Amino acid sequence: MSNKDHNSEPHAEHISSYREHFGTWVGLILLTMMTVFISVFGADLRTLSVATALLIASVKALVVGYYFMHLKYDPAIYRIMMGIVMALFTVFLVMVIFDYLTRN
Amino acid sequence: MSETAAMPLNYLNVKKGIWSWLFTLDHKRIALLYLYSIGAFFLVGVVLGVVMRLELFNPGRDIIEPQTYNQVFTLHGVIMIFLFIIPSIPAVFGNFFLPIMLGTDDVAFPRLNLFSWYLYIIGALFALSTLIYGNGPADTGWTFYAPYSVKTGTNVSMSVLAAFILGFSSILTGLNFIVTIHRLRTPGMTFNKMPLFSWALYATSWIQVLATPVIGITLMMIIAERMFGVGLFDPSIGGDPILYQHLFWIYSHPAVYIMALPAMGVVSEIIPTFAQRSIFGYKPIAYSSMAIAFVGYFVWGHHMFTSGMSGAAAIVFSILTFLVAIPTAIKVFNWVATLYKGSIDIQVPLLYALAFIFNFLIGGLTGLVLGALVVDVHVHDTYFVVGHFHYVMFGGTGFAFFGALHYWFPKIWGKMYNKTRANLAFALLFIGFNTLYFPMLVLGIMGMPRRYYDYLPEFHSLNQISTVGSWILVVGLLLMIFNLVAGYLKGQKVGGNPWNGITLEWQTDSPPPLHNFDKMPELPAGGPYNYPNAKSE
Ligand code: HEM
Ligand SMILES: [Cu+2]
């Protein structure tokens, strides 16, 4: 590390409570069950079931990022950067799916 | 050398011995490690290219079997893309000059920097190991298209693993540069006072960080498919080969901007120095790098017009492709406008920069031809494409790399090469290059398909011209290398600023001291290209 500019001011570390961790975990399990449920019983919904699966997966990723990975308690710049990356990724998916949906 | 005792300490003589290089954390030495290794692999790639041209001198079998030919063009492509052109300018000149141009003493993470060089070497060894291990190098083309890449017996897994590791090296370099640019600029240097080379590297780094992971996971999917038959890409087990092409090009199109943007950065440095005139349109050039990087993410489908993608999607991708041409043209016009009424001093680096503009224009305009939906249906997978991408990558970025080498040579080693010989080598390279590749554009329009070791008799004479071009090119290359090595060994000593440049690297000694500057560099008043002797208009 270059020693210039190394004045990383210590910002208050947030310590998550046991309850919060546990609650997050329960939420993730519920969402996983939902994914399984939809893929088993909603298979004939085709595109719609793919869309819901993606939606649930995104919510799970968000929860992991926010609570387990502490995005919620970090400076906003990290959330913005995550947002840009996710937006880019969404455009990739949308354009690929657009190709699939418009094929004959 | 006897005069070393009297020489001031610099990054080259401050420590000696092989270990002082292999464990160095100095960005300048790491840059040279990259230069030597990238240069070596480039030469391997050139040999493979020349072998192909020899085979194509006459129709029918000349020197190698069809299967060998397939493996040769694949290895040639893999080496040239992943080992040469992607790392080339950022890893060598970015590493060496980004910190100096920003007025700081190193990149943000020197250890990570060294680590990415080791990753590069490991990836390179993996790629070359297919020559002796497994069933020989992959025969899929550098694109590893499924389902063939899933089925062929050649060592695709190892080649793909190599590309995966090289991707990590690239990501780490990009990450390092982003943090360096954000955190380590010298006081007073705002973003809009950075040299344009830093802007180009900044845009490139974002592509490296955000696009490379996509190819990483895609290549892992190929390995999973080969080993476990997951059914991702192979239609016989329920996969979709077009999905592979989407994933592959989501990375590989932005990757062509990893190749092109740093080259444009180099040209934006060379031109104002040899015109002794402030750059025309600093902000348009800087921001168009960002615009190219951004729009470049959304055009990947133009590689798939004939592969079964939907017509509606093809139209969207075609339109977006035409949009990327705009920021690229902005740069070209600004460079030319910079030369206008400048005090032009035609030295070797400027010749390379002008050759870049010439070749890149041909490459870029043929790119637009390919981006036009109806035309692409005819020329897709012909030699027109081979001609097009060599004009962009070799004629463009390759020539910018050579130009950067000649521009910064005196700064890196503190000596000057023989300029007459350098001019001669340049002329041979330029003539050889165009003789080699221009016929390919014509052959493509005539309908000669790419990736074949044989061709119809009517293509004979143009193929012979092309092969003769490759010989001229090789002579030029050897002369250039000989001249630079001779310059390194016994060239004239030069001072800190042989070209009268004003970006910060010209304020320090040649070669620079270990920590780049002995005294704080001064930012030129009125921006990075405000030449004091510029003629007023
Ligand atoms: C002396 C220099 C070179 C020669 C003679 C040469 C020759 C060739 C030829 C003849 C092919 C077409 C093979 C075929 O389709 O049958 C080819 C393919 C290719 N070349 Fe080069 N080349 C040279 C330098 C370069 C450079 C500098 C780069 C990149 C910076 C490059 C990148 C590629 C790529 C990516 C392919 C496509 C491989 C594939 O189809 O998978 N080449 N080259
Ligand atoms: Cu492309």
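First, a word on scope: everything that follows refers to the structure included in this document.

Structural notes on the overall build of chain B
Within chain B, the regular secondary structure consists of 16 helices and 2 strands. In terms of C-alpha radius of gyration, chain B reaches 23 Å, essentially the compact-globule figure of 24 Å for 537 residues. Summarising the internal contacts of chain B: among those between residues at least 6 apart in sequence, 81% fall at separations of at least 24. Carbon and sulfur atoms provide 70% of the accessible area of chain B, an area that totals close to 19,800 Å². Distance between charge centres in chain B, computed from 26 positive and 22 negative side chains, equals 11 Å.

Comments concerning the coordination of the copper ion (ligand 2)
Metal coordination angles in their ideal form are 109.5 degrees for the four-donor tetrahedron and 90 or 180 degrees for the six-donor octahedron. Residue and element names in this part refer to chain B. Those donors, H253 (ND1), H302 (NE2) and H303 (NE2), are the protein atoms that reach the copper ion (ligand 2), and they lie 1.7 to 2.0 Å from it. Sequence spacing of the donors to the copper ion (ligand 2): H-x48-H-H. Given a relative accessible area of 13%, H302 falls into the buried group. Taking relative accessible area as the criterion, H303 reaches 22% and is therefore assigned partly exposed.

So, helix α14 (residues 383-413) of chain B
All names here are of chain B. The largest bend in α14 is about 45°, located at Y407, with the proline P410 one to four residues further on. For α14, the tally of buried residues reaches 30 of 31 residues, placing the bulk of the element in the interior. The distance from a side-chain oxygen at the start of α14 to the backbone nitrogen of F384 is 3.0 Å, and the residue carrying that oxygen is T382. After α14 finishes, the residue G414 shows a positive phi value of roughly 70°.

As for the interface of chain A and chain B
Contact with chain A, which involves 17 residues of that partner, is made by 28 residues of chain B. Overall, the association of chain A and chain B removes approximately 1,900 Å² of surface from exposure, summing both partners, and the carbon and sulfur fraction of that is 68%. Taken together, chain A and chain B are joined by 0 salt bridges. On inspection of chain A and its partner chain B, the count reaches 4 residue pairs in polar contact (both at pLDDT 80 or more).

Some thoughts on the nonpolar core
Residues and elements named next belong to chain B. Within the largest apolar cluster, 183 residues are counted, with the highest numbers of intra-cluster contacts made by F93 and W408. The element that contributes the greatest number of residues to this core is helix α9 (residues 241-275), accounting for 21 residues. If near-sequence neighbours (up to four positions away) are discounted, F93 is found in contact with S88, L98, F197, F401, A404, L405, W408 and I412.

A look at the pattern of salt bridges
Residues and elements named next belong to chain B. Taken as a whole and judged by the stated rule, the model has 5 salt bridges over all chains. Residue E65 pairs with R61 through a salt bridge whose shortest N-O separation is 2.7 Å. In this structure E65 comes out as partly exposed when scored by relative accessible area, which is 40%. When the shortest N-O distance is used, the salt bridge between D381 and R450 registers 3.6 Å. Of this pair, D381 sits in the loop between α13 (373-379) and α14 while R450 sits in the loop between α15 (419-446) and α16 (460-490), placing them 69 residues apart in sequence. Overall, the relative accessible area of 15% leaves R450 in the buried class.

Quick look at the coordination of the iron atom of ligand 1
All names here are of chain B. Protein coordination of the iron atom of ligand 1 is provided by H76 (NE2) and H390 (NE2), with donor distances spanning 2.0 Å. For the iron atom of ligand 1, the 6 donor atoms are set out with angles of 85 to 179° between them, so the coordination reads as octahedral. Taken as a pair, H76 in helix α3 (residues 66-85) and H390 in helix α14 lie far apart in primary sequence, 314 residues in all. The pair H76 / H390 is uniform in exposure class, with both members buried.

Digging into the site of ligand 1
All names here are of chain B. Every one of the 27 residues lining ligand 1 counts as a neighbour, but Y69, H76, W142, H390 and R451 are closest to it. Here an oxygen atom of ligand 1 sits 2.6 Å away from a polar atom, N or O, in the side chain of Y69. Of all the secondary-structure elements, those providing two or more residues to the shell around ligand 1 are α2 (27-55), α3, α14 and α15. If you tally residues by element for the shell around ligand 1, the top one is α3, at 7 residues.

The rules behind these values
- Residues numbered from 1 in each chain as written.
- Chains lettered and ligands numbered in written order.
- Predicted model: local features only at pLDDT ≥ 70, side-chain atom pairs only at ≥ 80, totals over all residues.
- Heavy atoms only, no water.
- Helix = DSSP H or I, 4+ residues; strand = E, 2+ residues; numbered from the N terminus.
- Rg over C-alpha atoms; globule rule 2.2 N^0.38 Å.
- Contact = heavy atoms within 4.5 Å.
- Areas by Shrake-Rupley, 256 points an atom, 1.4 Å probe, with all protein chains shown as cover.
- Lys, Arg positive; Asp, Glu negative; His and termini not counted.
- Charge placed at Lys NZ, Arg CZ, Asp CG, Glu CD.
- Donors = N, O, S within 2.8 Å, 3.2 Å for Na, K, Ca; no water.
- Buried < 20%, exposed > 50% of the residue type's maximum accessible area, 1.4 Å probe, protein only.
- Bend = angle between axes of the 7 residues up to and from the residue.
- Polar contact = N/O pair within 3.5 Å; in protein donor to acceptor, adjacent residues only side chain to side chain.
- Buried area = accessible area lost by both parts, 1.4 Å probe.
- Salt bridge = Lys/Arg side-chain N within 4 Å of Asp/Glu carboxyl O.
- Core = buried A, V, L, I, M, F, W, Y, C linked by side-chain atoms within 4.5 Å.
- Tetrahedral: all angles 85-135°; square planar, octahedral: opposite > 155°, others 65-115°.
- Near = heavy atom within 4 Å.

Function cannot be read off these values alone, since they describe shape.
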